[in-house]
Amino acid sequence: MAVTILSRSKWAAHVPDTSSGATLIADRAVRVYWNYEFPYRAAEQAIVAQAGMGPLNSGRAWTPWKGGVFIHHRGNLAPALDSEEDCRRDIAGVWAEHYEDTGDIYYNFLVCPHGHVYEGRGLQRGEANSPGYIREEGYGDVGRNTGYYSICGLLWKYQQPTSAMKNAIKDLIRHLRTAVPDNRKAGDAIYPHSKNNPDTDCPGNLTEYAKSGSAIDPGMPSQSAPAQLDVISRSEWGARPPRDVVKVAYGQRIGFAVHYSAANKYQTVRAIQNYHMDSNGWDDIGYNFLVDWQGRIYEGRGWDNLGAHIAGHNTTHFGVCFIGVDGDATAAAKNAIRSLYHAANERTNKVLDATYHGALASTQCPGSALRLWVINGMSGSTLPIGGSDPGTPGTGLVSVRSVSAQQRAVNSLGYSPPLDVDGSFGPLTSAGVKWLQTKVGTDPDGLWGPLTEAAYVAYIGKGGGGGGYAAIRSIAAQQIAVNGLGHTPPLDVDGSFGPLTEAGVKWLQTKVGTAPDGLWGPDTEQAYATYTGSPNFGGGGVTTIRSVRSQQSAVNGLGHTPALDVDGVFGPLTEAGVKWLQTKVGAAADGMWGPATEAAYTAYTDGERLTVDGEFGPATIAATQRAIGVTADGEWGPASKRALQQHLNTWAGADLVVDGDIGQATVKAMQQHLNKMTGAGLVVDGDWGAGTTRALQTALNQGRF
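Worth saying up front: this structure is predicted, and the values here are computed from it rather than measured. (Residues numbered from 1 in each chain as written. Predicted model: local features only at pLDDT ≥ 70, side-chain atom pairs only at ≥ 80, totals over all residues. Heavy atoms only, no water.)

*Asks:* What's the story with the overall build of the chain in this structure? I'm lost.
*Replies:* Along the backbone of the chain there are 23 helices and 15 strands. For the chain, with 705 residues in total, the buried portion stands at 53%. In the chain, the proportion of contacts linking residues at least 24 apart, taken out of those at least 6 apart, comes to 62%. When the accessible area of the chain is evaluated, it comes to approximately 28600 Å², of which 52% is carbon and sulfur surface. (Helix = DSSP H or I, 4+ residues; strand = E, 2+ residues; numbered from the N terminus. Buried < 20%, exposed > 50% of the residue type's maximum accessible area, 1.4 Å probe, protein only. Contact = heavy atoms within 4.5 Å. Areas by Shrake-Rupley, 256 points an atom, 1.4 Å probe, with all protein chains shown as cover.)

*Asks:* Would you take a moment to explain the pattern of salt bridges for this structure?
*Replies:* Inspection of the entire model under this criterion finds 22 salt bridges. Among the salt bridges present, the one from Arg89 reaches Asp86, with a minimum N-O distance of 3.1 Å. Of this pair, Arg89 and Asp86 both sit in helix 4 (residues 84-102), 3 residues apart, which is roughly one turn of the helix. Of the charged contacts, one joins Asp182 and Lys185 as a salt bridge, the two residues approaching to 3.0 Å between their closest N and O atoms. Looking at Asp182, the relative accessible area reads 27%, which means it is partly exposed. Within the structure, one salt-bridge network assembled from shared partners comprises Arg60, Arg125, Glu127 and Asp606. (Salt bridge = Lys/Arg side-chain N within 4 Å of Asp/Glu carboxyl O.)

*Asks:* What is the right way to read the sheet that holds strand 11 (residues 289-291) from this model?
*Replies:* Read from one edge of the open sheet, 7 strands run 14-10-13-11-12-9-15, paired in mixed fashion. The open sheet has two edge strands, strand 14 (353-356) and strand 15 (385-386), and neither has a second partner. When strand 11 meets strand 12 (residues 297-299), the two strands line up antiparallel, connected through 3 bridges. Bridging across to strand 12, Val291 finds its partner in Ile297. (Pairing = 2+ DSSP bridges.)

*Asks:* Sorry if this is basic, but what is going on with the side chain of Thr429 here?
*Replies:* Position of Thr429 relative to the elements: it lies in helix 12 (residues 427-440). Of the residues examined, Thr429 reaches a relative accessible area of 5% and is grouped as buried. At a separation of 3.0 Å, a polar atom in the side chain of Thr429 contacts the side chain of Gln407. (Polar contact = N/O pair within 3.5 Å; in protein donor to acceptor, adjacent residues only side chain to side chain.)

*Asks:* I would appreciate a short explanation of the pairing of strand 13 (residues 317-322) in the present structure.
*Replies:* The side chains of a regular strand alternate between the sheet's two faces. With 6 of 6 residues buried, strand 13 lies mostly within the body of the structure. Along strand 13, one buried face is formed by His317, Gly319 and Cys321 and the opposite face, lined by Phe318, Val320 and Phe322, is buried too. Here strand 10 (residues 255-260) runs beside strand 13; their pairing, made up of 6 bridges, is parallel. Bridged to Ala257 within strand 13 is Gly319. Judged from the 3 bridges that link them, strand 11 and strand 13 form a sheet pairing that is parallel. Bridging from a neighbouring strand, Leu290 pairs with Cys321 of strand 13.

*Asks:* Explain helix 19 (residues 595-606) to me, please; I cannot follow it from the model alone.
*Replies:* Structurally, the α-helix is built with 3.6 residues per turn, so residues lying three or four positions apart point the same way. A rise of 1.5 Å per residue sets the reference length of helix 19, with its 12 residues, at 16 Å; its end C-alpha atoms lie 16 Å apart and thus fit the reference within 8%. By the burial criterion, the buried members of helix 19 are Thr597, Glu598, Ala599, Ala600, Tyr601, Thr602, Tyr604 and Thr605. Residues of helix 19 that are buried in the fold lie against helix 7 (269-279), helix 17 (548-557), helix 18 (572-585) and helix 23 (690-701). (Expected span 1.5 Å × (residues − 1).)

*Asks:* Sorry, what's going on with the environment of Gly441 here?
*Replies:* Considering the arrangement of structural elements, one finds Gly441 in the loop between helix 12 and helix 13 (450-460). Along the chain, Gly441 and Thr452 lie 11 residues apart, while their C-alpha atoms are 8.6 Å from each other.

*Asks:* Sorry if this is basic, but what is going on with the sheet that holds strand 8 (residues 189-192) here?
*Replies:* The strands making up a sheet associate through hydrogen bonds between their backbones, and the pairing can be parallel or antiparallel. Pairing is mixed in the open sheet, where 6 strands are placed in the order 1-4-3-7-2-8. Unpaired on one side and paired on the other, strand 1 (5-6) and strand 8 mark the two borders of the sheet. In this structure, strand 2 (residues 68-72) lies alongside strand 7 (residues 148-153), joined through 5 bridges in parallel fashion. Bridge pairing in strand 7 links Gly68 to Tyr148.

*Asks:* Where do I start with the nonpolar core in this structure?
*Replies:* Nonpolar side chains tend toward joint burial in soluble globular proteins. Grouped together as the largest cluster of nonpolar side chains are 29 residues, with contacts concentrated most on Phe256, Val291, Ile297, Phe322, Ile337 and Leu340. Counting residues per element, the ones that place at least two in this core are strand 9 (229-232), strand 10, strand 11, strand 13, helix 8 (331-348) and helix 10 (367-375). Per-element tally for this core: the top contributor is helix 8, with 7 residues. With residues near it in sequence (within four places) discarded, Leu340 still touches Phe256, Phe289, Val291, Ile297, Trp303, Val320 and Ile385. (Core = buried A, V, L, I, M, F, W, Y, C linked by side-chain atoms within 4.5 Å.)

*Asks:* Looking at this model, I keep getting lost on unusual backbone geometry. Mind explaining?
*Replies:* Across the chain, the bulk of peptide bonds are trans and the bulk of non-glycine residues have phi less than zero. A cis geometry characterises the amide bond from Cys365 onward to Pro366, with omega recorded as 10°. Structurally, the position occupied by Pro366 is in the loop between helix 9 (357-360) and helix 10. Phi is positive for Ala262, close to 60°, though the residue is something other than glycine. With respect to the helices, strands and loops of the structure, Ala262 is situated in the loop between strand 10 and helix 7.

*Asks:* Looking at this structure, how should I read the side chain of Ser261?
*Replies:* When you line up the elements, Ser261 lands in the loop between strand 10 and helix 7. When its relative accessible area of 8% is taken as the criterion, Ser261 is described as buried. From its side chain, Ser261 meets the backbone nitrogen of Gly324 in a polar contact 2.9 Å long. Residues contacting Ser261, with those up to four places away along its chain left out, are Gln267, Ile272, Cys321, Phe322, Ile323, Gly324, Thr650 and Trp651.

*Asks:* Before we go on, may I ask you to explain the environment of Ser9 in this structure?
*Replies:* In this fold, Ser9 is placed in helix 1 (residues 9-12). Within polar-contact distance, the side chain of Ser9 engages the side chain of Ser7 at 2.8 Å.

*Asks:* What should I look at first to understand the pairing of strand 7 in this one?
*Replies:* With 6 of 6 residues buried, strand 7 is to be regarded as a mostly interior element. Side-chain alternation along strand 7 places Tyr148, Ser150 and Cys152 on one buried face and Tyr149, Ile151 and Gly153 on a second face that is also buried.

*Asks:* Can you walk me through the packing of aromatic side chains in this structure?
*Replies:* Geometry of an aromatic ring pair is reported as the spacing of the ring centres plus the angle between the planes. Under the defined criterion, the tally for this structure stands at 15 aromatic pairs. Ring geometry for Trp95 and Tyr99: centres 5.1 Å apart, planes at 40°, overall tilted. Pair noted here: Trp95 and Tyr99 are both in helix 4, with a separation of 4 residues, about one helical turn. Side by side, Trp95 and Tyr99 carry an identical accessibility label, which is buried. The interplanar angle of 75° and the centroid separation of 4.6 Å between the aromatic rings of Tyr275 and Trp651 together place this pair among those described as edge-to-face. Within this pair, whereas Tyr275 is found in helix 7, its partner Trp651 is found in helix 21 (residues 638-652), the two being separated by 376 residues in sequence. With respect to burial, Tyr275 and Trp651 carry one shared label: buried. Grouped by ring-pair contacts, the aromatic residues Trp62, Phe109 and Tyr149 constitute a single cluster. (Phe/Tyr/Trp six-rings, centres within 6.5 Å; stacked < 30°, edge-to-face > 60°.)

Encoded structure:
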């Protein structure tokens, strides 16, 4: 049965009616809108608008086809949900409670006792399922938030679910399995939040239904050949931002080279990227695309960018890597590679030379099976490439901003006629993004990447009206700083970068001894900090990715002591806390929460989260086993030892005998690998002591082993 999903706007208007929402609004009124005639009203309007916006792409790995859904309930309290307005008010309160932590509600969908389904994060990744992994047949260990939707029944601990609620959940699961894009479809698993999670009894009386074959399981649809192959975008697999990007014109392309990863087929694309960037020192993952054993295509450097897969042939050849070892490539994987080859021919308007790594360099890659398949003409089926493929007309780029957010941004700058904010990247949206890019002064290629984001933020002044630079300090914070140094008349602290604010910033720059260009960049921040003797206090830091409060919450969430006050003020303690977090997650400790820190943080929080104590116990063994591609049972037996040696041969060039004997040679190879991947600074002595284990735990936590 078809399901109707009610949009966020249905419950967003009720945020001011909740205690947590009223607190959030009052705080925003004091911090941001204090100079307005009606500060609370202004803050209320802003918060309601924010809650009602379509869910944004989190930029974190999101692979729901590997898992399925987790079922939740609301907990122990029991307010009456007699009317639909009560239900909407309850959801609004949940959003306000979750907002400070992640900037949005945790759940993907919420289902009320009356059988109505409400959008939370929708088809974007949620954050409600707790850290950890579930082992799924065919995929290995799947992250609880990475691979599963979260569906919350508006049900309290001792309440029974209504028939309407159960039927609505069943219809919603059917919808997620059949009626959404392939790269958003839910797998067949249905679990209670309490699965492998002793800290909760959630979802209460829904627990008996949170399993396959229950009354809420609609069954899996029959499998049929896909009409097209979608490309899983970089944001969907949790890519780090590249250090540099070099464009290659299609006219320079003459070939298409097939590779394999020579590692276990459950290896993540992010792990391959980490190896290429941290061990090899490359700017990004080396391949243009990657394909897994199920035939799913992952965006690497994409169609338009220089790869790093065969020395001397990166400009002329696209590089496509199969994730697995010799013999793992299935018919679906081969069809995907073949389809990419034909798509490359269409893009370049020529017949490219279909070849393989070993034909252009001295290597066994891509193994004998794929080598023969390429030599014999890459037989199989050819399907159109569509979906999340960035850089193609009709798809756009969503690694920085969702399509809906791009459409809203275009409209906010006065585009006419306004775009429909429907999340669909068609020709009109492409034209609108190009118009915006021209307006904000960046290359009008229709792809909203980091450079477009930076130019847009600078243009609008982080929510203001038309200018300034707000990547270091918000416009309101700049106005406060100008007033704090005695500018007369005082600026209106309204977040709008107009001529008076520009003149005020130039006045401040002259006063603190830096070039008066009106743009508050790193030099101005440093000069201001030196002049006032209060580095980064009262609104500093970088907030284009996360608000200061969200940064403070993230620092506390990783165990910083003493805990930071979550007050939205970027002072010395918060700066120190952000630097502590950056060191912990493996990012440069500069105190600035930019894209690299966000990528490292999200990878860390999706990862193992081991205690770095130097103990090679069951948890560390299981994490190591996941990294090297064997069953994560926490027992360090011969199979695991051989897998470690093979892993080091593949990723560290160790040339070890794979015999399961963890002697000095194996330990030295591991120590060298850890030093290269994480800068561990280990003495390479072949002694596996507590220091080596701590370095291993750190690498596993950062996904860099």
